[in-house]
Amino acid sequence: MASGPRSLLTAKTASSARSIALLLLVESVKSEEGVDVLLDRALARCSFDSRERALTVELTYGVLRRLATIDWRLDPVLDKPLLRLPVAVQMVLRLGTYQLLFLDRIPESAAVNESVNLSKACTPTLGRDWSGFVNAVLRALLRHPVQAWPSTDHDAAKALAVRYSVPDWLSRRWVERLGVASAEAACEGVSIAPPLTLRVNRLTTTREALLETFAQAGLAAKPTSVSPCGILLEDGGLVPSLPGFHEGAFYVEDEAAQLVPPLLDPQPDDIVLDACAAPGGKSTHLADLMHNKGTIYAIDRKGARLDLLRSNCHRLGIKIVVPMVSDIRQPRQWLPNIETTRPSSTKKTRAGEPSVDRILVDAPCSGLGVLRRHPEAKWRKGEQALPRHHTLQCEILEAVALCLRPGGVLVYSTCSTEPEENEEVIEEFCHAHAEFQRESVVPWLPPAAQGFVTEQGALSTVGNQCSMDGFYAVRLRKVL
């Protein structure tokens, strides 16, 4: 909407969890920002109590997470295609349907009546009162017999797309590549709500100490089952309100992501390049592993994202990260800065010799491995983007390979499930660069992660049963 979604409702009517959720859902259709960013911004403007905040989050994420299933249930009771309705009406119907189908604690009458009220509040913007239509559709949905799930025997991809609310193109791709059983596990993983996972900042505390702090605060927390530095919180509320946040005791990060930086095996006093660094999760983890000694050059194209990295480093007490705004594909922009800003205390190299000890390329990708955390992305992405990502990833590897010293290590990682962004990128790079050899990641993984090693010796948490995101990582050594 050109005028912006906040014009959809007046200030008076945009004061409940349902109204804010409606605004966010409408905005998510047009905005390039993640719904997490939109949600944080919206909640910062509201004086909601914890119950209203929780309902806002539940409704917003719930509708996006179950969108295809909701639309499938609505289709038999609509006399016109849902997508031909105004976006605001679509979202009101989806909000109501989500409450009726998935939220047992909300009475059916409340779900219908509040949806009708929402549609009335939109009338000045839409130029028509849709409340009667919304009321009729939702009451018809209540009367309509519950549909049986589509059978996987007839069209497995379509059945999985409906049951787990996954885009048709993605479920079809997974069925063709993984088989029905593995594809169903992948689709189910995308549809569930992820846990709140923290990485302990061991520069300031230990996992045991932080668990004790949470226990004293009455928070249900437990160690992660795979990562040795993670904690799972059942219901922590707002992250900044958690004990230890302002003291830099932890960083919010999925357990799978926590497995990647140790593969680089950075040592104190190393010179490390984090090629796609913002917002800083892996840079700060590398600094932890280096005991805050050495130098990490953190490069990103967007200055605003590096501001977030600086903020995270400040909160966590990290001193060794040097942010640089630059296009990593253009070494002429950033490589001279590394040479001129390198601390004199670091190990010397001969003139013209590459000076970086280790490189992490956490590459821009489709993000298909983290869709459960960004459910709006399911409906924004398409298969046609994969070749573009592949090209970009290869360009990044070509650019950073120049500055790695002989004997140095490069780790390439993505949060993608697809081979075009993972194995095919590495195969193409190694074919063109005989000086790089693959090394198995096994020695640098904790015992509980040994089952996530591929035949090629890479890390892959895709389709795991440990409630982790889907990550891929490979370790390369420059031998010449």
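Every value quoted in this text rests on a predicted model; they were computed, and no experiment measured them.

Position of A44 among the secondary structure elements: in helix α2 (residues 35-44). The class for A44 is exposed, based on a relative accessible area of 68%. Sequence separation between A44 and W149 is 105 residues, and the spatial gap between their C-alpha atoms is 40 Å.

The next thing to look at is the environment of L23. Its location among the elements puts L23 in helix α1 (residues 17-30). Judged by relative accessible area, L23 falls into the buried class, the value being 6%. On a C-alpha basis, the gap between L23 and L170 in space is 28 Å, while along the polypeptide they are 147 residues apart.

To continue, consider the side chain of T97. Mapping T97 onto the fold places it in helix α5 (residues 87-102). For T97, a relative accessible area of 0% translates into the label buried. Within the structure, the side chain of T97 is placed 2.8 Å from the backbone oxygen of L93, a separation counted as a polar contact. Excluding residues that lie within four positions of it along the chain, T97 makes contacts with I70, L74, L138 and L141.

For the rest of this paragraph, the subject is the confidence of the model for the protein chain. Within the protein chain, residue pLDDT values average 92, and 94% of them lie at 70 or more. Predicted confidence is poor over residues 1-5, with pLDDT under 50, and the contacts of this stretch with residues over four places away or in other chains come to six contacts.

Within a regular strand, the side chains alternate between the two sheet faces. Residues I271 and L273 line one face of strand β5 (residues 271-274) and the alternating positions V272 and D274 line the opposite face, and both faces are buried. Where β5 meets strand β6 (residues 295-300), four bridges bridge the pair, whose relative direction is parallel. Within the sheet, the bridge partner assigned to V272 lies in β6 and is I296. Chirality of the crossover, the property in question, places the unit of β5, helix α14 (residues 281-289) and β6 among those that are right-handed. Across three bridges, β5 lies against strand β8 (residues 356-362) in parallel orientation. Within β8, the position partnered with L273 by the bridge is I359.

This paragraph deals with unusual backbone geometry. Residue A278 is joined to P279 through a cis peptide bond whose omega torsion reads 5 degrees. Here P279 shows up in the loop between β5 and α14. The phi dihedral of D265 falls on the positive side, at around 50 degrees, and the residue is not glycine. Structurally, the position occupied by D265 is in the loop between α13 (261-264) and β5.

Ranked by internal contacts, the top residues of the largest apolar core, which has 49 residues, are L22, L74, L93, L95 and F133. Put simply, the parts of the chain that give this core at least two residues each are α1, α2, α3 (50-65), α4 (67-74), α5, α6 (108-121) and α8 (131-143). Dropping the residues within four chain positions of it, L74 is found in contact with L82, L93, R94, T97, V137 and L141. Ranked by size, the runner-up nonpolar core spans 37 residues in total, among them L264, L309, C313 and C365.

Between α1 and α2, the least distance of the axes is 10 Å, while the angle of their chain directions is 145 degrees. You can see that α1 and α2 cross each other, and the crossing is right-handed. Of the residues in α2, those touching α1 at I20, L24, E27 and S28 are L38, L39, R41 and A42. Of the residues belonging to the contact of α1 with α2, the class tally is five nonpolar, one polar and two charged.

In space, the four strands of this open sheet follow the order β2-β3-β1-β4, with antiparallel pairing throughout. Looking at strand neighbours, the two that pair on one side only are β2 (221-223) and β4 (250-252), the edges of this open sheet. Going from strand to strand, the sheet's axes swing by 30 degrees on average, the running direction of each strand aside. Both strand β1 (residues 196-200) and strand β3 (residues 230-233) contribute to a ladder of four bridges, which runs antiparallel. By the bridge assignment for β3, L198 is matched with I231. Along the sheet, helix α12 (residues 207-216) makes contact with β1, β2, β3 and β4, crossing β3 at roughly 15 degrees. Those strands touched by α14 are β1 and β4, and its axis lies near 35 degrees from that of β1.

What follows deals with the pattern of salt bridges. The final tally for this structure, using the stated rule, is 24 salt bridges. The closest approach of N and O atoms between D71 and R94, which form a salt bridge, is 2.8 Å. Of the two residues, D71 is situated in helix α4 and R94 in helix α5; the sequence distance between them amounts to 23 residues. Among the ionic pairs, E395 bridges to R329, the shortest N-O distance being 3.2 Å. Of this pair, E395 sits in helix α17 (residues 385-401) while R329 sits in the loop between β7 (321-325) and α16 (331-341), and the two are 66 residues apart along the sequence. Via salt bridges that share partners, R173, R177, E383, E418 and E420 belong to a single interconnected network.

Mapping N312 onto the fold places it in helix α15 (residues 303-316). N312 has contacts with Y251 and P279, leaving out every residue within four places of it along the chain.

Taking 1.5 Å of rise per residue, the 16 residues of α3 would be expected to cover 22 Å, and the 22 Å separating its terminal C-alpha atoms lies within 8% of that figure. Buried residues along α3 sit in contact with α1, α2, α4, α5, α9 (152-164) and α11 (180-191). One side-chain oxygen at the N-terminal end of α3 lies 3.2 Å from the backbone nitrogen of R51; it belongs to D49.

On to α2, then. All buried positions along α2 are accounted for by V35, L38, L39, A42 and L43. In an axial view of α2, the angular spread of the buried residues amounts to 125 degrees, which keeps them on one side of the axis. Opposite the packed face of α2, turned more than 90 degrees from it, sit the exposed residues D40 and A44. Buried-residue contacts for α2 involve α1 and α3.

Thresholds applied
Each chain has its residues counted from 1, following the order in which its sequence is written. The predicted nature of this model means local features are confined to residues of pLDDT at least 70 and side-chain atom pairs, given and counted, to a pLDDT of 80 or more, with totals for whole chains, interfaces and linings taken over all residues. Only hydrogens and water are set aside; all other atoms, that is, all heavy atoms of the structure, feed into the side-chain values. Here a strand is any run of E in DSSP of at least two residues, a helix any run of H or I of at least four, and the numbering for each starts at the N terminus. Three labels apply to residues, based on accessible area from a 1.4 Å probe with only protein chains included: buried if under 20% of the type maximum, exposed if over 50%, partly exposed otherwise in between. The term polar contact refers here to a pair of N or O atoms within 3.5 Å; inside protein, the definition further demands a hydrogen-donor-capable atom paired with an acceptor-capable atom, and it admits residues adjacent in sequence only when both atoms are side-chain atoms. Throughout, a residue-residue contact means that at least one pair of heavy atoms, one from each residue, lies within 4.5 Å. Residue-level confidence of the predictor is summarised by pLDDT, bounded by 0 at the bottom and 100 at the top. In short, DSSP must find at least two bridges between two strands for them to pair. If you view a crossover with the strands going away from you and the path from the first strand over the helix to the second runs clockwise, you call it right-handed. What we call a nonpolar core is a set of buried Ala, Val, Leu, Ile, Met, Phe, Trp, Tyr and Cys residues that are connected through their side-chain atoms within 4.5 Å. Every angle, taken between N-to-C directions, lies between 0 and 180 degrees, and every axis is a line fitted to C-alpha atoms, over only the stretch in contact when it is a helix. The hand of a helix crossing depends on one turn: near helix anticlockwise from the far one by less than a right angle means left-handed, and clockwise means right-handed. Residues were grouped as follows: Ala, Val, Leu, Ile, Met, Phe, Trp, Tyr, Cys and Pro as nonpolar; Asp, Glu, Lys and Arg as charged; and all remaining residues, including Gly, as polar. Any Lys or Arg side-chain nitrogen located within 4 Å of an Asp or Glu carboxyl oxygen qualifies as a salt bridge. Helix span is expected to be 1.5 Å times the residue number reduced by one. As used here, the arc belongs to the directions running from the helix axis to the C-beta atoms.

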